[in-house]
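Residue strings, one per chain:
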Amino acid sequence: MHVVGHQHVRVNGDAVLARCVDEVDYFRGRASPQADRLDALLGVDPLAIGDLILAEVLQGIDDDRTFEHVRDLLGNLDMVVLGGEEIAVEAARNFRRLRARGVTVAKTIDTVIATRCIVGGYELLHADRAFDPFVKYLGLRVVDYTA
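Residues numbered from 1 in each chain as written. Predicted model: local features only at pLDDT ≥ 70, side-chain atom pairs only at ≥ 80, totals over all residues. Heavy atoms only, no water.

*Asks:* For the overall build of the chain, give the residues involved together with the corresponding values.
*Replies:* The helix and strand inventory of the chain stands at seven helices and seven strands. Tracing the chain from N to C terminus, the helices and strands come up as β-β-β-α-α-β-α-α-β-α-α-β-α-β. Counting the 147 residues in the chain, one finds 45% classified as buried. Intrachain contacts of the chain at a sequence separation of at least 6 include 62% that bridge at least 24 residues. When the accessible area of the chain is evaluated, it comes to approximately 7,700 Å², of which 48% is carbon and sulfur surface. (Helix = DSSP H or I, 4+ residues; strand = E, 2+ residues; numbered from the N terminus. Buried < 20%, exposed > 50% of the residue type's maximum accessible area, 1.4 Å probe, protein only. Contact = heavy atoms within 4.5 Å. Areas by Shrake-Rupley, 256 points an atom, 1.4 Å probe, with all protein chains shown as cover.)

Here you go:
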């Protein structure tokens with residue numbers, strides 16, 4: 001199963017979570033390797049979306065018609081709750097681990113998304129270098145969008 005959200009994540013070896021920029025590019029028809037990979041996964045592999053990623057995607061839509069269309073499409077995917085106490089605590093630990101290595105993560109949401117993927121066994125599809133330290137130091141797995 002793949003999860004659509006802030007990142008693309010493979011859940012328990014079966015799902016992918018996508019990061020919001022990928023969906024925004026995808027739904028706006030913008031060409032990008034990540035949007036192309038998302039397109040290739042849709043209808044082929046099981047997909048899910050993170051709850052907070054859904055909020056980020058929808059808040060970036062200007063008109064009501066497109067908002068409802070995208071909401072209906074993404075609403076058919078499995079929903080992954082990104083937060084909760086366990087993830088919040090582990091995200092804080094991961095932030096501290098990276099800070100101890102001299103890495104500063106600018107956005108809390110990136111730490112939460114990366115941590116949810118790590119803990120849940122998701123593979124992340126993203127186009128954001130902010131996740132690179134999570135890959136390098138914490139074992140975050142990412143989708144190869146060049147495949």
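*Asks:* Go over helix H6 (residues 108-120) with me, naming the residues and quoting the values.
*Replies:* Spanning 13 residues, H6 covers 18 Å between terminal C-alpha atoms, matching the ideal 18 Å at 1.5 Å per step. Listing the buried residues of H6 in full gives Asp110, Thr111, Val112, Ile113, Ala114, Thr115, Arg116, Cys117 and Gly120. Once H6 ends, the next one or two residues include Gly121, with phi positive near 75°. (Expected span 1.5 Å × (residues − 1).)

*Asks:* Describe in detail the pattern of salt bridges, supporting the description with residues and values.
*Replies:* Scanning the model with the defined rule gives three salt bridges in all. One salt bridge connects Glu68 with Arg71, and the closest N-O pair in it is separated by 3.2 Å. You can see Glu68 and its partner Arg71 sitting in helix H4 (residues 64-75), three residues apart, about one turn around the helix. Judged by its relative accessible area of 37%, Glu68 is partly exposed. On the basis of relative accessibility, which here comes to 43%, the residue Arg71 falls in the partly exposed class. Where Arg97 meets Glu90, a salt bridge forms, and the shortest distance between an N and an O atom there is 2.9 Å. Among the residues examined, Arg97 registers a relative accessible area of 38% and is labelled partly exposed. Residues joined by salt bridges that share partners form a network here, namely Glu90, Arg93 and Arg97. (Salt bridge = Lys/Arg side-chain N within 4 Å of Asp/Glu carboxyl O.)

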